[in-house]
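# Coordinate inspection notes
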Amino acid sequence: MKILVPVKRVVDSNIKPLVKSDNSGVEVGGVKMSMNPFDETAVEEAVRLKEQKIVSEVVVISIGEAKSQDTLRTAMAMGADRGVLVTSEDALESLSVAKILQHFVTKEQPDIVLMGKQASDDDMNATGQILAAKLGWAQGTFVSKLELSEGKAQITREIDDGQEILELVLPAVITTDLRLNEPRFASLPNIMKAKKKPIETVALADLGIDTAVRLEVKSVAESSSVREGVIVSSVEELMDKLQNEAKVI
Ligand code: AMP
């Protein structure tokens with residue numbers, strides 16, 4: 001069984017993103033970039049399935065600037081076997097990414113595309129769903145537990161107020177919730193080994209895929225800041241503040 005894991009290079013999740021002064025997006029120049037946390041979870045799960053000998057090959061793919069190679073190397077240091085880098089300087093929307101992934105699914109013929117439920121940069125939460133629809137495959141989204149057996153996947157989905165358990169017939173697109181696992185840190189020897197693993201590099205322009213822009217970002221703004229909290233010394237003081245300051249009761 002083969003798993004394809006798309007991994008996106010995004011602003012490191014420990015860094016507070018700064019909105020550009022013209023509100024056109026988020027500042028990425030000189031900012032630490034890392035693998036999208038949801039994709040780390042997907043890589044970890046795929047590698048665990050390989051370690052359990054349920055899966056024979058884990059291929060990772062990243063679409064973006066040449067530096068996305070670092071993201072592929074991180075995934076390979078975690079245990080993925082090889083990488084595919086599709087280079088593009090343009091910001092691509094979910095439909096375009098799904099079309100590119102569809103191209104490589106047709107080429108690689110994986111049984112599962114295991115990917116993040118969302119990329120932490122623009123929180124689109126759309127690529128997996130579009131890809132499944134384009135492929136005509138089953139889809140399982142927001143997955144916090146995954147078990148594979150005889151051409152099927154049993155998944156637990158995180159939904160409002162609870163969990164849903166579904167059985168999918170493979171091939172399928174499965175998107176990960178962070179509850180699925182705790183991703184490992186790559187060890188130094190594995191980081192060194194990953195440098196020798198193969199990466200196939202392809203320029204997006206050579207694939208002949210229509211990636212015309214269909215969405216326009218009108219404005220990006222920071223969320224309104226949370227007010228500082230205070231510690232009250234008694235229930236009476238709390239009631240007083242709720243009634244007279246916050247005016248919520
Ligand atoms: P999104 O729909 O943009 O929130 O992203 C959902 C998932 O699609 C991510 O967690 C990745 O697995 C995948 N993805 C999105 N953009 C890219 C990209 N440029 N390269 C590789 N994978 C991507």
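Residues numbered from 1 in each chain as written. Predicted model: local features only at pLDDT ≥ 70, side-chain atom pairs only at ≥ 80, totals over all residues. Heavy atoms only, no water.

## Observations concerning the UniProt feature "domain: Electron transfer flavoprotein alpha/beta-subunit N-terminal" (unreviewed entry) in the protein chain
Residues annotated in UniProt with the feature "domain: Electron transfer flavoprotein alpha/beta-subunit N-terminal" (unreviewed entry) correspond here to residues 23-211. In residues 23-211, the share of helix is 30% and the share of strand is 32%. The end C-alpha atoms are 24 Å apart. (UniProt positions renumbered as here; feature names shortened; annotations may be inferred. Helix = DSSP H or I, 4+ residues; strand = E, 2+ residues; numbered from the N terminus.)

## What to know about the site of the ligand
Residues in contact with the ligand amount to 19 residues; listed here are only the nearest, D39, I63, A119, N125 and T127. In the model, an oxygen atom of the ligand is placed 2.5 Å from a nitrogen or oxygen of the D39 side chain. Within the complex, the protein chains bury 97% of what would otherwise be the 490 Å² of accessible surface of the ligand. Looking at the shell around the ligand, the elements that each hand over two or more residues are β4 (57-64), α3 (94-108) and β6 (112-116). Considering every element that reaches the shell around the ligand, the biggest residue donor is β4, with three residues. Grouping the amino acids of the shell around the ligand by side-chain chemistry returns nine nonpolar, seven polar and three charged. (Near = heavy atom within 4 Å. Polar contact = N/O pair within 3.5 Å; in protein donor to acceptor, adjacent residues only side chain to side chain. Areas by Shrake-Rupley, 256 points an atom, 1.4 Å probe, with all protein chains shown as cover. Nonpolar A, V, L, I, M, F, W, Y, C, P; charged D, E, K, R; others polar.)

## Focus: the nonpolar core
Residues I3, V5, V43, V60, L114, L146 and I174 are the most contacted members of the largest nonpolar core, which totals 33 residues. If you list the elements that add at least two residues to this core, you get β1 (2-6), α1 (37-51), β4, α2 (68-78), β6, β7 (138-149), β8 (152-159) and β10 (172-176). Once residues within four sequence positions are removed from consideration, V60 is found in contact with V5, V7, V43, L72, A75, M76, A80, R82, G83 and V84. If you look at the next biggest cluster of nonpolar residues, it comprises 24 residues, including V84, V86, A98 and V113. (Core = buried A, V, L, I, M, F, W, Y, C linked by side-chain atoms within 4.5 Å. Buried < 20%, exposed > 50% of the residue type's maximum accessible area, 1.4 Å probe, protein only. Contact = heavy atoms within 4.5 Å.)

## Observations regarding the side chain of K2
Structurally, the position occupied by K2 is in strand β1. In this structure the side chain of K2 is engaged in a polar contact, spanning 2.7 Å, whose partner is the backbone oxygen of E108.

## Notes on helix α4 (residues 127-135)
In an α-helix, one turn spans 3.6 residues, which is why side chains three or four residues apart end up on the same side. For α4, the set of buried residues is T127, G128, L131, A132 and L135. The buried residues of α4 occupy an angular sector of 130° when the element is viewed end-on, so they sit on one face. Here the buried face of α4 lies against α3, β6, β7 and β10. G136 lies just past α4 and shows a positive phi near 75°. (Arc of directions from axis to C-beta.)

## With respect to the sheet that holds β1
Strand order in the open sheet formed by nine strands is β9-β8-β7-β10-β6-β1-β4-β5-β11, with mixed pairing between adjacent strands. Pairing within the sheet leaves two strands with one partner each, and these edge strands are β9 (162-169) and β11 (199-203). On average, each strand axis in the sheet is tilted by 30° relative to the strand beside it, whichever way the strands run. Bridge count between β4 and strand β5 (residues 82-87): six bridges; the pairing is parallel. Looking across to β5, one finds that V60 is bridged to G83. (Pairing = 2+ DSSP bridges. Axes fitted to C-alpha atoms, helices over the stretch in contact; angles between N-to-C directions.)

## Here's the deal with the pattern of salt bridges
When the charged atoms of two side chains lie near each other, side chains of opposite charge can form a pair. Applying the stated criterion to the full structure yields 21 salt bridges. Across the pair E57 and R82 runs a salt bridge whose closest N-O atoms are separated by 2.7 Å. Here the residue E57 occupies a position in strand β4, and R82 occupies one in strand β5, the gap between them amounting to 25 residues. Measuring nitrogen to oxygen at the nearest pair gives 3.2 Å for the salt bridge that ties K241 to E245. Of this pair, K241 and E245 both sit in helix α6 (residues 235-245), separated by four residues, roughly a single helical turn. Bridged by salt links that share partners, the residues K2, E57, R82 and E108 form one connected network. (Salt bridge = Lys/Arg side-chain N within 4 Å of Asp/Glu carboxyl O.)

## Quick word on the side chain of T141
By the element assignment, T141 lies in strand β7. Looking at T141, its side chain comes within polar contact range of the side chain of R157, at 2.8 Å. Those residues in contact with T141 that lie beyond four places of it in its chain are Q129, R157 and T175.

## Quick notes on a nonpolar patch on the surface
Together, V235, M239, V248 and I249 make up a nonpolar patch on the protein surface, roughly 390 Å² of accessible area in all. Along the chain, V235 falls in helix α6. (Patch = residues over 30% accessible without salt bridge, like charges linked within 9 Å, V, L, I, M, F, W, Y side chains within 5 Å.)

## Comments concerning the environment of E57
On the basis of relative accessibility, which here comes to 22%, the residue E57 falls in the partly exposed class. Sequence separation of E57 and M1 is 56 residues, and the distance between their C-alpha atoms is 6.9 Å. Apart from the residues lying within four places of it in its own chain, the contact partners of E57 are M1, K2, I3, D81 and R82.

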